[in-house]
Amino acid sequence: QAQLIESGGGLVQAGGSLRLSCAVSGLTFSNYVMGWFRRAPGKGREFVAGISRRIDLTYYGDAVKGRFTISRDNAKNTVYLQMNSLKPEDTAGYYCATSTALIPPRVESGYRNWGQGTQVTVSS
């Protein structure tokens, strides 16, 4: 049974940085496309970033492009999200997920397994 555990969230001032991690177990990690989504209070899940099985193919939501970087370490079964130049509007719960698609879907229905999330709060 797949298990995804996010970590690294917290409270940070605007302009600061955080690095989220998502440790995956119970499946062959390198066989899966990985995605990060976020959900702010009262809103639906928003695509943040995705990474293909090949490390050099990455995709980003418009709101985070140029500020966030997704990466993965297949030897450690972990996907990361480096978040720089954080803004108060980045405040949300952040979730990682696995997909069997060839490229990372931008909708949550394209993902099968989800973590419980980690909270990121950016103060102004």
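Residues numbered from 1 in each chain as written. Predicted model: local features only at pLDDT ≥ 70, side-chain atom pairs only at ≥ 80, totals over all residues. Heavy atoms only, no water.

Q: Quick rundown of the overall build of the protein? Include the residues and the values.
A: Per the secondary structure count, the protein includes zero helices and 11 strands. When its helices and strands are written in sequence order, the protein yields β-β-β-β-β-β-β-β-β-β-β. The C-alpha radius of gyration computed for the protein amounts to 13 Å, which stays within 12% of the reference 14 Å derived for 124 residues, consistent with globular compactness. For the protein, the residues scored as buried account for 44% of the 124 residues in total. Within the protein, residue pairs in contact and separated by at least 24 positions form 59% of the contacts whose partners lie at least 6 positions apart. For the protein, the exposed area adds up to about 6,200 Å²; of that, 47% sits on carbon and sulfur atoms. (Helix = DSSP H or I, 4+ residues; strand = E, 2+ residues; numbered from the N terminus. Rg over C-alpha atoms; globule rule 2.2 N^0.38 Å. Buried < 20%, exposed > 50% of the residue type's maximum accessible area, 1.4 Å probe, protein only. Contact = heavy atoms within 4.5 Å. Areas by Shrake-Rupley, 256 points an atom, 1.4 Å probe, with all protein chains shown as cover.)

Q: Give a detailed account of the state of the cysteines, specifying residues and quantitative values.
A: In total, this model carries one disulfide according to the counting rule given. Paired through a disulfide, C22 and C96 show a sulfur-sulfur distance of 1.9 Å. Across the S-S bond linking C22 and C96, the dihedral sits near 60 degrees, which makes this disulfide right-handed. Residue C22 is found in strand β3 (residues 18-25), and its partner C96 is found in strand β9 (residues 92-99); the two are separated by 74 residues along the sequence. Take C22: its relative accessible area is 0%, and that puts it in the buried class. (Disulfide = S-S within 2.5 Å.)

Q: Break down the nonpolar core for me, citing the residues and quoting the values.
A: Of all hydrophobic cores here, the largest spans 27 residues; its most connected members are W36, V79, L81, M83 and Y94. Mapped onto this core, the elements with two or more residues apiece are β3, β4 (33-39), β5 (46-51), β7 (68-73), β8 (78-83), β9 and β11 (118-123). Among the elements that line this core, the one with the most residues is β3, at four residues. Beyond its immediate sequence surroundings of up to four residues, Y94 is in contact with E6, L20, W36, F37, R38, V48, F68, L81, M83, G117, T118 and V120. (Core = buried A, V, L, I, M, F, W, Y, C linked by side-chain atoms within 4.5 Å.)

Q: Got a sec to walk through the sheet that holds β3? Specific residues and values, please.
A: Across the sheet, four strands lie side by side as β1-β3-β8-β7; this open sheet has antiparallel pairing. The sheet is open, and its two borders are formed by β1 (3-7) and β7, each paired with just one other strand. Mean inter-strand twist for the sheet, computed between neighbouring axes without regard to direction, equals 15 degrees. Bridging between β3 and β8 involves six bridges; their strand directions are antiparallel. Counterpart to L20 in the pairing with β8 is L81. (Pairing = 2+ DSSP bridges. Axes fitted to C-alpha atoms, helices over the stretch in contact; angles between N-to-C directions.)

Q: Report on the pattern of salt bridges, specifying residues and quantitative values.
A: Tallied over the full model, the rule gives five salt bridges. The salt bridge partner of E46 is R38, with a shortest N-O separation of 2.8 Å. Classification of R38 as buried rests on a relative accessible area of 6%. Via salt bridges that share partners, R38, E46, R67 and D90 belong to a single interconnected network. (Salt bridge = Lys/Arg side-chain N within 4 Å of Asp/Glu carboxyl O.)

Q: For the environment of L18, give the residues involved together with the corresponding values.
A: Relative to the helices and strands, L18 resides in strand β3. Expressed as a C-alpha distance, the spacing of L18 and A92, which sit 74 residues apart in the sequence, is 13 Å. Excluding residues within four positions of it along the chain, L18 makes contact with G8, G9, G10, V12, L81, Q82, M83, L86 and V120.

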